[in-house]
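Below are the chains, spelled out letter by letter.
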Amino acid sequence: MKLSGLKNTIGGKRINNWKRIHLTSTLSLMMAFSFAPQVMADMVSSPYDWVVELETKGLDRQFQYEGSSLKKIEKVQVAYYAPNKEDEKKAYEYLWFNNGKAYGMEKQRKFDLPQGEGVCLKVKHKGGSVTSEERKAAANAILRLAIDTFLNKNPIVQVRLPNDSYPEIVNELMNRGLQQAPPNSSDFEEGFSADLILNIYSEQDGMKTVLYR
């Protein structure tokens, strides 16, 4: 079949088939490049597959009754969602603490993230003022979630902390046995090894700490 026999029209003008193919290919490339910046931006802004959110809340009057030795309780609600899809958040578990010590846990579902996909542990505080006890609870919860992600083969790409809580949570993690990594990368090559490495970032100010154990 001759190409001259296959014709089409665009804008009232007749074009040969090879021109139509060339035009279609050009439009496809233009569309691909127009979407590329957004795809690249998403990859850069979210270098992980899941956000595991740890939201703390102080419960001052939860156990205020005669005979109770617990005066204050901190609750940590744990949920996970894909980046930019917070409206599809799924509750994972509730944790209760008293002055940083674990007192209870209520599972909501199985930790069913696809194995091998990276996660970001993100700490949030519910309400205005944040207590020292909430920050201790957050540090304890981070270590507990590190075990869950390890068992499910989900590498922790980042840990994100609120700016105001950053120093105290980092210090509390160090009080629980983690150490700060050497400042020079060359030090890692000289006998450095670790079972757990946490790359910790603040939300806004650009603070970063690497802890390991």
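Nothing here was measured: the structure is a model prediction, and the numbers come from that model.

Caption draft 1: Highlighting the nonpolar core. Counting 33 residues, the largest nonpolar core has Val52, Leu54, Leu121, Ile142, Leu161 and Ile200 as the members making the most contacts within it. The set of elements that each furnish at least two residues to this core consists of strand 3 (50-59), strand 4 (73-81), strand 5 (90-98), strand 7 (119-125), helix 2 (132-151), strand 8 (156-161), helix 3 (166-175) and strand 10 (197-202). The element best represented in this core is helix 2, accounting for eight residues. Other than its neighbours up to four places away in sequence, leucine 161 contacts Val123, Ile142, Tyr166, Ile169, Val170, Ile200, Tyr201, Ser202 and Glu203.

Caption draft 2: Main features of the sheet that holds strand 4. What the nine strands build is an open sheet, ordered 6-5-4-3-7-8-10-11-9; its pairing is mixed. Of all the strands in the sheet, the pair left with one neighbour each is strand 6 (101-107) and strand 9 (179-180). Of the strand pairs in this sheet, strand 8 and strand 10 are connected by three bridges, and their pairing is parallel. Residue pairing for strand 10: arginine 160 is matched across the bridge by tyrosine 201. Sitting on the sheet, helix 2 is in contact with strand 3, strand 4, strand 5, strand 6, strand 7, strand 8 and strand 10, with an inclination near 130 degrees to strand 5. Contacts from helix 3 reach strand 7, strand 8, strand 9, strand 10 and strand 11 (208-212), with the element oriented near 15 degrees to strand 11.

Caption draft 3: Local environment of a nonpolar patch on the surface. Nonpolar side chains collect at one region of the surface, where Ile147, Phe150 and Leu151 lie side by side and expose about 370 Å² of accessible area between them. Within the secondary structure, phenylalanine 150 sits in helix 2.

Parameters and conventions
- Residues numbered from 1 in each chain as written.
- Predicted model: local features only at pLDDT ≥ 70, side-chain atom pairs only at ≥ 80, totals over all residues.
- Heavy atoms only, no water.
- Core = buried A, V, L, I, M, F, W, Y, C linked by side-chain atoms within 4.5 Å.
- Buried < 20%, exposed > 50% of the residue type's maximum accessible area, 1.4 Å probe, protein only.
- Helix = DSSP H or I, 4+ residues; strand = E, 2+ residues; numbered from the N terminus.
- Contact = heavy atoms within 4.5 Å.
- Pairing = 2+ DSSP bridges.
- Axes fitted to C-alpha atoms, helices over the stretch in contact; angles between N-to-C directions.
- Patch = residues over 30% accessible without salt bridge, like charges linked within 9 Å, V, L, I, M, F, W, Y side chains within 5 Å.
- Areas by Shrake-Rupley, 256 points an atom, 1.4 Å probe, with all protein chains shown as cover.
- Salt bridge = Lys/Arg side-chain N within 4 Å of Asp/Glu carboxyl O.

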